[in-house]
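Architecture at a glance
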Amino acid sequence: MTLHMKLKSSIAAVLMLAGVGLATQAANADAVDDITKAGAINIGIFSDFPPFSSASADMSIKGYDIDVAQFIADQLKVKLNLVSVTGQNRIPYLTDKRVDVLMSVGYSKEREQVIDFAAAYAPYYIAVIGPAELKVVGKGDLADKSIAVNRGTLEDTSLTEAAPASADIRRFDNYNSVIQAFISGQTQLMVVGNDVGAQVLARQEALKPEQKFQLLTSPSHIGLNKNEDRLKQAVNDAVAKMLADGKLDESSKAWLKTPLNPDNLKD
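Residues numbered from 1 in each chain as written. Predicted model: local features only at pLDDT ≥ 70, side-chain atom pairs only at ≥ 80, totals over all residues. Heavy atoms only, no water.

**Some thoughts on the side chain of Ser 251**
Looking at where Ser 251 falls in the secondary structure, it is placed in helix α10 (residues 247–256). Relative accessible area serves as the criterion here: at 4%, Ser 251 is assigned to the buried category. Of the polar contacts made by the side chain of Ser 251, one reaches the side chain of Asp 67; its length is 2.7 Å. Not counting residues within four places of it along the chain, the set of residues in contact with Ser 251 comprises Tyr 64, Asp 67 and Leu 256. (Helix = DSSP H or I, 4+ residues; strand = E, 2+ residues; numbered from the N terminus. Buried < 20%, exposed > 50% of the residue type's maximum accessible area, 1.4 Å probe, protein only. Polar contact = N/O pair within 3.5 Å; in protein donor to acceptor, adjacent residues only side chain to side chain. Contact = heavy atoms within 4.5 Å.)

In structure tokens:
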């Protein structure tokens, strides 16, 4: 073999090894590497989902979810990019890697076939709400009480299953009607999710409404793509830190108008 041929052969071997190395590096790259390289994390949110996320007076998006999203970005030392998603497109946005994680994802076995779930970070529950002066501590106390609920919802189903036969369940076609019936005194109680309930607890100081007890608990998780173990650990670590240092409790008081009960983060 001539020197020229040997040189060509050596160069080809080096290039081949370099190609293998790059391919291996690409195969080993994960979402954390991509996020770090980009200097930003793309987090999918519902942009009109108060009190978890919604436009504030200055038109920036704020809420419980945004507090958590910002903390995750800070822990990864990258910029936070909020991406507005809908219930229909958010899973495709995640699997197509248009977002790195999704906020406010309820766990289900069907979803688990497609995506992975980090730790629960936000309470979601259905609660009975009434004025402070009315004593209601459990299902039995619903007897002979008038209760407003949104017709055909999970709240309606949960209330119907829990309420004694003598409860006066009054069904309305939307949440505004449910709230109006309660605050105007048409009903003594209302049953809503804690997202809707937070708005009433914050605004009705004269009525002094309070949560009496919960009918159902289903916490929100952070969704991410499967096999992203480093990102999942980073998200879990961020949530655990917020829980340990009281930041989640602060966000709950600020946005949900009630202290955080850690039991509400259990599926």
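This is not the end of the story, as more comes after the structure.
**Topic: the packing of aromatic side chains**
Enumeration according to the criterion identifies five aromatic pairs in this entry. Look at Phe 46 and Phe 49: their rings are 5.7 Å apart centre to centre, the planes differ by 85 degrees, and that puts the pair in the edge-to-face class. Taken together, a centroid distance of 6.2 Å and an interplanar angle of 35 degrees make the contact between Tyr 64 and Tyr 121 tilted. Highlighted residues: Tyr 64 in helix α3 (residues 64–76) and Tyr 121 in strand β6 (residues 116–122), separated in sequence by 57 residues. Overall, Tyr 121 belongs to the buried group, its relative accessible area being 0%. (Phe/Tyr/Trp six-rings, centres within 6.5 Å; stacked < 30°, edge-to-face > 60°.)

**Concerning the sheet that holds strand β10 (residues 189–193)**
Across the sheet, five strands lie side by side as β9-β8-β10-β7-β11; this open sheet has mixed pairing. For this open sheet the edge positions go to β9 (168–172) and β11 (209–217), each flanked by a neighbour on one side alone. For this sheet the average axis-to-axis angle between neighbouring strands, irrespective of direction, equals 25 degrees. Sheet topology note: the strand β7 (residues 125–131)/β10 ladder contains four bridges and is antiparallel. (Pairing = 2+ DSSP bridges. Axes fitted to C-alpha atoms, helices over the stretch in contact; angles between N-to-C directions.)

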